[in-house]
Amino acid sequence: MVRSCEQEIPAWVCVGTLLLLIHSVTVSGAALKHDVALDSGATVLNHTMNLVHRMETLLALGNGSDVTLRVETINTDEVKVIQAHSLVLMLQSDVFEELLLSRNSSSVVLRETPDCAAVFEKFVRYLYCGDISLRLDQAISLHKLASKYHVWGLQQGLTQYMTQHLSSDSPTGHVVGWYNYALQIGDITLRDSCLQYLSWNLSSVLQSREWGSISEDLLLSLLQRSDLILQSELELYEALEGWINQNQPVRMTAESALRAVRYGMIPPQHLFRLQKHSPLMVKYYESIRDLLYLAFQFHSASPIQLAKYFDVNCSIFTPRNYLSSAWGSPWIINNPTRDDRSFSFQTQLGPSGHDSSKRVTWNALFSPRWLPLSARSTYTELGAMQPTRTEGGRPRIIVTPATSSPDFAGVSFQKTVIVMTKQQGKVVVKHVYNFHQSTEEAGDFLLDADLQRRASEYLIDSSLYLHIVIKPLYHTLLVARK
């Protein structure tokens, strides 16, 4: 008669045997898979969920527990007591292994911050079951625990979770907090992901409660960037005014932030209004007067004339990625794999007030399966067309001016194609492609996108959502200054 492990063998022995088996499978997984592959007629019976359920029950009931975890919350009297099993903890964490091997009693005291203590039971459950449910506001606390106890799989999973949930809605926002945390622990991947999200979706960030929580260093870092995506420079100034009023930084910080605004990109009629009606500009007028004077000069003269006497390559004359109609146009391509599409739109010649009435017409061509000449269809001597292997094609976009003009002298155009996607029900920027006048197209455009798949992360409701931005860049003329 076969005896049940549950009935006759102590629970800690069952756990030990079970976990040793799991460990051996993990170590020799490649060999096991190889054996299964050789036996092509084999059928795999997968009872993994039953195992997870039994481990969860074991933790909840504390059967066969040989160690008590006393989780003390720092600066409070709160204590959580968890009945655990040494072998489980040691297999999952070398930090727990060291603590348990050096203990003098059946209990281990762990001191945690309030946020980490609040999720400690979730953390221990992960050690037993290998899965975890969490909210956005619990990600940092769990990441701290995973890092502290060297549970690297959970740490990497949480980093991935955060990078994939930047666009999720939360009452007060979470991206800024994740950025500050990544900066603190030196997680470059998470830091750069947060900074890119804030830069590429700045318009929505400016309208959120999260904007007010941005630190001074992060604010100044964002203001220096040319890849910010927002409606206009005026929108950025007004948001900055709100941030300064809310946070009341020292004068040096406020001046540095105000001097990072690109006043040359704000139309002169709005600059006049700000000089009169913006309390912030009135207060700090002397600190930015030279920039405003330069901006008005920029708006009153032709770029060629200005370039004779000033360096027009400085940031005040460099556009960011503005979404307003003067700078470009959205383009929604339904069923993008169907055939080639073309589209025409107009932009201003440049942001200078001198050129405000001049328009440039642009032609955009999108091809879902562009092929080089060497791979295109050819005709035989009888006039029959040979079949083309279209699977080798790739998406392509070309943006060119419809006509040339003497007004283009001293100006080149950077073309930016913004690809949108939908994440957690919110439309956000997926990718940004930049190319210059001399190239006419982005060589890596949608290189990794699978547009044939309806659920492609590059599509929204089976359509490709683009926004094309044209950024005039001025060149300093090599002439002697008088």
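Residues numbered from 1 in each chain as written. Predicted model: local features only at pLDDT ≥ 70, side-chain atom pairs only at ≥ 80, totals over all residues. Heavy atoms only, no water.

**Student:** Help me understand the overall build of the protein chain in this model?
**Tutor:** Secondary structure assignment for the protein chain yields 20 helices and twelve strands. Of all 482 residues assigned to the protein chain, the portion counted as buried reaches 42%. Contacts spanning at least 24 positions in sequence make up 68% of the contacts within the protein chain whose residues lie at least 6 apart. For the protein chain, the accessible surface area stands at approximately 25,800 Å², while carbon and sulfur atoms represent 53% of it. (Helix = DSSP H or I, 4+ residues; strand = E, 2+ residues; numbered from the N terminus. Buried < 20%, exposed > 50% of the residue type's maximum accessible area, 1.4 Å probe, protein only. Contact = heavy atoms within 4.5 Å. Areas by Shrake-Rupley, 256 points an atom, 1.4 Å probe, with all protein chains shown as cover.)

**Student:** Quick question: what am I supposed to make of the sheet that holds strand 3 (residues 107-112) here?
**Tutor:** The strands that make up a sheet pair up through hydrogen bonds in the backbone, lying either parallel or antiparallel. Here we have three strands laid out as an open sheet, ordered 2-1-3, and mixed in their pairing. The open sheet has two free edges, formed respectively by strand 2 (79-84) and strand 3, since each of these has just one partner strand. Ignoring strand direction, the axes of neighbouring strands in this sheet form an average angle of 20 degrees. Where strand 1 (residues 67-73) meets strand 2, six bridges bridge the pair, whose relative direction is antiparallel. Bridge pairing in strand 2 places Glu72 opposite Val79. Where helix 8 (residues 120-129) meets the sheet, its contacts fall on strand 1, strand 2 and strand 3, and the angle it forms with strand 2 comes to roughly 10 degrees. (Pairing = 2+ DSSP bridges. Axes fitted to C-alpha atoms, helices over the stretch in contact; angles between N-to-C directions.)

**Student:** Got a minute to help me understand the pattern of salt bridges in this structure?
**Tutor:** For side chains bearing opposite charge, pairing can occur when the charged atoms are close. Counted according to the given criterion, the structure contains 20 salt bridges. Note that Glu233 is salt-bridged to Arg320, the shortest N-O span being 2.9 Å. Of the two residues, Glu233 sits in helix 15 (residues 233-247) while Arg320 sits in the loop between helix 20 (303-307) and strand 5 (321-322), which places them 87 residues apart along the sequence. Residue Glu233 shares its accessibility class with Arg320, and that shared class is buried. Ionic pairing is found between Asp290 and Arg259, a salt bridge with its closest N-O pair at 2.9 Å. In this pair, Asp290 sits in helix 19 (residues 285-300) while Arg259 sits in helix 16 (residues 251-259), placing the two residues 31 residues apart along the sequence. (Salt bridge = Lys/Arg side-chain N within 4 Å of Asp/Glu carboxyl O.)

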